[in-house]
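# Survey of secondary and tertiary structure
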Amino acid sequence: ESPPSVAPPPAPPQVTRAEVTALATTLKAARRALGEQDFPQAAAQIAKAESLAKLAQHRDAVARLKEVSGYVEYFRNAIATALGEMQAGESFTVGTSTEVAFVEMSKNKVTLHVGGMNRTYDLVELPVGLAMAIADLKLADSNPVTRVVKGSYLLVHKRADAELIDKAKSWWQEAQARGLDMTHLLPFLTDNYDAFVKDVPAESEKN
């Protein structure tokens, strides 16, 4: 018997280099805003990127960034909640041995007693170790999603270096090992928005 005829797949949508450049610029702006924990700006840029993404791989990249954005906001909320519930003089440990005491909090700033002196930090500018220790007061270690949340925070951090990115990767891999399906999110580790532009042949400008 002859095999049944199969309709050819529909042609992928045509995109121009200008359109993909606009998408890449928007995604980078969204990621920068996330690093600054400017969530309204990140949301606005992600919404714009959703409207610009025509190809499946571009829509997937936008969806990944949107999901990571939700985790970073969750991390920031955990910090704000933990600090909001603290009493003056209450202490917690950062790393293995550094004792930090809560002094006071006002709006987006917190004053902590660290190393014998009071220091005031903007919540966006908290050192990574300090931010992790505070968030850990609210994030359940038994929940694998906690590792996704903490990894997301590190990946978009404005001072993320190779060491922090490696830490984030290991947390995401742990989350997967503990039963979370991370298949759709793991490509975020290597997403390169500028590469999207290189993938578009220059002659598509003539279409």
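Summary of the structure given here. Remember, predicted model here, so these are calculated numbers, not experimental data. (Residues numbered from 1 in each chain as written. Predicted model: local features only at pLDDT ≥ 70, side-chain atom pairs only at ≥ 80, totals over all residues. Heavy atoms only, no water.)

## Brief notes about the sheet that holds strand β4 (residues 117-122)
What the four strands build is an open sheet, ordered β1-β2-β3-β4; its pairing is antiparallel. In the strand order of this sheet, the two ends are held by β1 (91-94) and β4, each with one partner. Neighbour-to-neighbour, the strand axes of this sheet turn through a mean angle of 40°, independent of strand direction. Bridge analysis of strand β3 (residues 109-114) against β4 gives six bridges, and the strand direction is antiparallel. Looking at β4, one finds that Thr 111 is bridged to Thr 120. Helix α4 (residues 128-136) rests against β1, β2 (98-106), β3 and β4 of the sheet, and its axis sits at about 125° to β1. (Pairing = 2+ DSSP bridges. Helix = DSSP H or I, 4+ residues; strand = E, 2+ residues; numbered from the N terminus. Axes fitted to C-alpha atoms, helices over the stretch in contact; angles between N-to-C directions. Contact = heavy atoms within 4.5 Å.)

## Description of the nonpolar core
Ranked by size, the top nonpolar core spans 62 residues in total, and within it Phe 75, Ile 79, Phe 92, Leu 112, Leu 126 and Leu 130 carry the most contacts. Examining the composition of this core, we find that eleven residues originate from one element, helix α3 (residues 56-84), more than from any other. When near neighbours in sequence (up to four residues on either side) are disregarded, Leu 126 contacts Ile 79, Val 110, Tyr 121, Ala 131, Ile 134, Tyr 153 and His 157. (Core = buried A, V, L, I, M, F, W, Y, C linked by side-chain atoms within 4.5 Å. Buried < 20%, exposed > 50% of the residue type's maximum accessible area, 1.4 Å probe, protein only.)

## Focus: the environment of Thr 93
Secondary-structure assignment places Thr 93 in strand β1. In sequence terms Thr 93 and Leu 130 are 37 residues apart; their C-alpha atoms lie 9.0 Å from each other. Apart from residues lying up to four places away in sequence, Thr 93 is in contact with Thr 98, Glu 99 and Ala 133.

## Structural notes on the side chain of Arg 64
With respect to the helices, strands and loops of the structure, Arg 64 is situated in helix α3. For Arg 64, a relative accessible area of 11% translates into the label buried. A polar atom in the side chain of Arg 64 sits 2.9 Å from the side chain of Asp 191. Apart from the residues lying within four places of it in its own chain, the contact partners of Arg 64 are His 184, Leu 185, Pro 187, Phe 188 and Asp 191. (Polar contact = N/O pair within 3.5 Å; in protein donor to acceptor, adjacent residues only side chain to side chain.)

## Quick word on the pattern of salt bridges
In this structure the tally under the stated criterion is twelve salt bridges. Glu 50 is paired through a salt bridge with Lys 66; the nearest N and O atoms lie 3.0 Å apart. Placement of the pair is Glu 50 in helix α2 (residues 39-52) and Lys 66 in helix α3, with a sequence separation of 16 residues. Residue class for Glu 50 comes out partly exposed when judged on its relative accessible area of 39%. The partly exposed category is assigned to Lys 66, whose relative accessible area is 44%. Glu 174 serves as the salt-bridge partner of Arg 147, at 2.6 Å between the closest nitrogen and oxygen. Of this pair, Arg 147 sits in helix α5 (residues 144-156) while Glu 174 is found in helix α6 (residues 162-177), placing the two residues 27 residues apart along the sequence. We classify Arg 147 as buried; its relative accessible area is 11%. Each member of the salt-bridge network shares a partner with another, and the members are Glu 36, Glu 125, Lys 158 and Arg 159. (Salt bridge = Lys/Arg side-chain N within 4 Å of Asp/Glu carboxyl O.)

Note that every value here comes from positions in space, so none of it alone points to a role or purpose.
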